[in-house]
Amino acid sequence: MLRLLHLLLLLLLLPPPPGTAEPPGLAALSPGAHPQAPDLLYADGLRAYAAGAWAAAVALLREALRSRAELGRARRDCGGRCAAEPGAALPAAPRDLPGPGAWEPLLLRAALRRAECLSHCAARRLGPGGAARLRVGGAVRAAFRRREPYNYLQRAYYQLKKLDLAAAAAHTFFIANPKHLQMREDMAKYRRMSGIRLESFRDLETPPHWAAYDSGLELLGRQEAGLALPRLEEALQESLAQMESCRAGCEGPEEQQREEEEEEGTGNQGGLYEAIAGHWIRVLQCRQRCVGDTATRPGRSFPVPDFLPSQLRRLHEAHAQVGNLSQAMENVLSVLLFYPEDEAAKEALNQYQAQLGEPRPALGPREDIRQYVLRSLGEKRQLYYAMEHLGTSFKDPDPWTPTAFIPERLREKLREDQEQRPWDQEPPQPKPLTDWKDVLLLEGVTLTQDARQLNGSERAVLDGLLTPAECGVLLQLAKDAAEAGARSGYRGRRSPHTPHEHFDGLTVLKAAQLARAGAVGTQGAKLLLEVSERVRTLTQAYFSPERPLHLSFTHLVCRSAIEGEQEQRMDLSHPVHADNCILDPDTGECWREPPAYTYRDYSGLLYLNDDFQGGDLFFTEPNALTVRAQVRPRCGRLVAFSSGGENPHGVWAVTRGRRCALALWHTWASEHKEQEWTEAKELLQEPEEKEDEEEEKEMPSRDPSPEPPSHRLQRVQDKSEEPPRVREEL
């Protein structure tokens, strides 16, 4: 432990190289001003977006992106400045100091000086409170990683008639989310618009090293090595700078490391030195992951293998083509730092030496690469030491790590893990869009209207989710349940939204209980579960392919017109509302706060019939008056949309007949996953399990006094008799 404690800050105080410029497209909106909290700016931007205040939404979302970028630059710059601060140097190794433990006060004093410097620097750059004032929660950090602000920006720019900026924002989001079906369609429409220039389709967040790298490779492919060399050199320098920026983020506030702590299993082990060592190990693990982060293209799942060595190989080959043999030798010697036994590199080195004709002892590997390799090996040595002696974990991102650095008893296990790394194989290429849509949208499902055709955002109409026979089964289920007196959520005969309609509702758990009791058909109850999962899968594939959605509530609802009460009717079957916020039509605001179901993220309505009058779903402006789109129900038609204030909706009055539909809400929050769905599935599986048990009569029961099935069923029914929570229905 003492050995590790002395080494734990060995690499912390090394100054990083100067950083890179701000990504293009994010020019400061408030020059000279301290950045504001990115999460608050983002939240205000979404409120403005939901209210239709497009100019304000653009300004707030851009400022949120700028503030987040400035926070990262401040951490990186302050780290470099404080590393060079006098008095922050590390003490000498313990063997050079006069007595046991003499290094400890020197080491900790250096850490305190560094902390003081960082605190003052952050306050100057970021304002009072420094980085602590600008801490961002995990959900917002994930949203920025997924580039979600650009999804909102593209729509806001479109509303402002700034089509070039809308195309750029859409392209930026799509690069990081290539499986987002709606954005695929939006991009195709932008490309068909005559007023948008081709150069507008640019990535506003592309790291500089990827832009230079791709440009260099393109020039090499055209056999223009002389023109490619500056771009390849820029790519290498920017790759190193990007890695430094990533490493600086690893030293952020403690809460930013909690996800890594859970992932790597290096939680607080108690005691001062254990806590110091544990936090330092997490920092080192994070720094090592920066290798893969830098080598991963936006929107890709795996890094480019051997990213830095491959750049050096291209550099030495390009230098050789234009006759720069000294630079070619410098780069091939740098390759040998990673792979000392690389035969191709050694052969190239011999060739360059022969062409030069005389020894060049002053020629050596690049200094920036030499420092990079030494620092990386030093970090790996500490991580492998902690892995062997402290029981921590470490996933080495580099295939070039010398075997000698790995403790002997860990080598076999690590060798097996390395052979299984997914990025050692070329990841499968995505299928053409037509094939991919056929898979995601299920057999027979077609996209009828997208968000643009529905005059909104995050909306879609899809047909073919149910066959006529399946609609019939679910309609019979609703009828049988209504006759059995099962009204879930509403005890009266009349609708909670209008006195002119009857309302019947059935949850998945109540359907399963009624099926067990023989009041409804088991086939219908099982189909209800199956169809709800079918809708969830499709909604996730269309709107959220990179982030799992969970069902939060499933409700089979029927609205029936009351005869004799439809004359001169002026009200709606369901007033205009949003599903996760409280809509204020006077101001256009939608407040995401209780009693609204704030955890809802996407909504869906799957229709079962069309033999009624009225009952169309419609979308409005935030004022709840201006109708933007209207959808007519039919068997198997799904209307899916995001649940926020961007999609206010209501239902026209049902003036004749009975309108039935399956209403579903989805959430990203797993803690709000619908537990009744799981209970219903287990309940419907129990009769099958009992039949299997009866076939094995020779097997004695392990329970000497099994509970009678009737008692178990009664207990489930009693549970359902608790006062239910009233839910808004579509």
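Residues numbered from 1 in each chain as written. Predicted model: local features only at pLDDT ≥ 70, side-chain atom pairs only at ≥ 80, totals over all residues. Heavy atoms only, no water.

Caption draft 1: Unusual backbone geometry, seen in detail. With phi around 50 degrees, D306 is a residue other than glycine that occupies positive phi space. Here D306 is to be found in the loop between α13 (272-294) and α14 (307-321). With phi around 65 degrees, A624 is a residue other than glycine that occupies positive phi space. Checked against the element boundaries, A624 lands in the loop between β10 (617-620) and β11 (627-631). (Helix = DSSP H or I, 4+ residues; strand = E, 2+ residues; numbered from the N terminus.)

Caption draft 2: Examining the sheet that holds strand β2 (residues 459-463) more closely. One open sheet accounts for seven strands, arranged β1-β2-β12-β8-β15-β4-β3; its pairing is antiparallel. Bordering the open sheet on either side are β1 (446-449) and β3 (501-507), each of which pairs with just one other strand. Strand-to-strand twist across the sheet, computed as the mean angle between neighbouring axes with direction ignored, equals 25 degrees. Two elements, strand β4 (residues 550-561) and strand β15 (residues 658-667), share 10 bridges in a ladder whose sense is antiparallel. (Pairing = 2+ DSSP bridges. Axes fitted to C-alpha atoms, helices over the stretch in contact; angles between N-to-C directions.)

Caption draft 3: Spotlight on the nonpolar core. In terms of nonpolar packing, the biggest core is built from 48 residues, with L308, F338, Y352, I369, Y372, V373 and W400 touching the most fellow members. Mapped onto this core, the elements with two or more residues apiece are α10 (208-221), α11 (225-249), α13, α14, α15 (325-338), α16 (343-356) and α17 (367-389). Residues contacting F338, with those up to four places away along its chain left out, are L308, P309, L312, I369, Y372, V373 and W400. Counting residues in each nonpolar core, the second largest holds 43 residues, with L509, A511, L608 and L684 among its members. (Core = buried A, V, L, I, M, F, W, Y, C linked by side-chain atoms within 4.5 Å. Buried < 20%, exposed > 50% of the residue type's maximum accessible area, 1.4 Å probe, protein only. Contact = heavy atoms within 4.5 Å.)

Caption draft 4: Fine view of the state of the cysteines. The final tally for this structure, using the stated rule, is six disulfides. One disulfide in the model links C558 with C660; its S-S distance is 2.1 Å. Between C558 and C660, the S-S dihedral sits near 115 degrees, and the bridge is therefore right-handed. Within this pair, whereas C558 is found in strand β4, its partner C660 is found in strand β15, the two being separated by 102 residues in sequence. Exposure remark for C558: the relative accessible area of 1% places this residue in the buried category. Disulfide partner of C581: C590, at an S-S distance of 2.0 Å. Looking along the S-S bond of the C581-C590 disulfide, the torsion reads about 90 degrees, which is the right-handed sense. Each of the two residues, C581 as well as C590, counts as buried. (Disulfide = S-S within 2.5 Å.)

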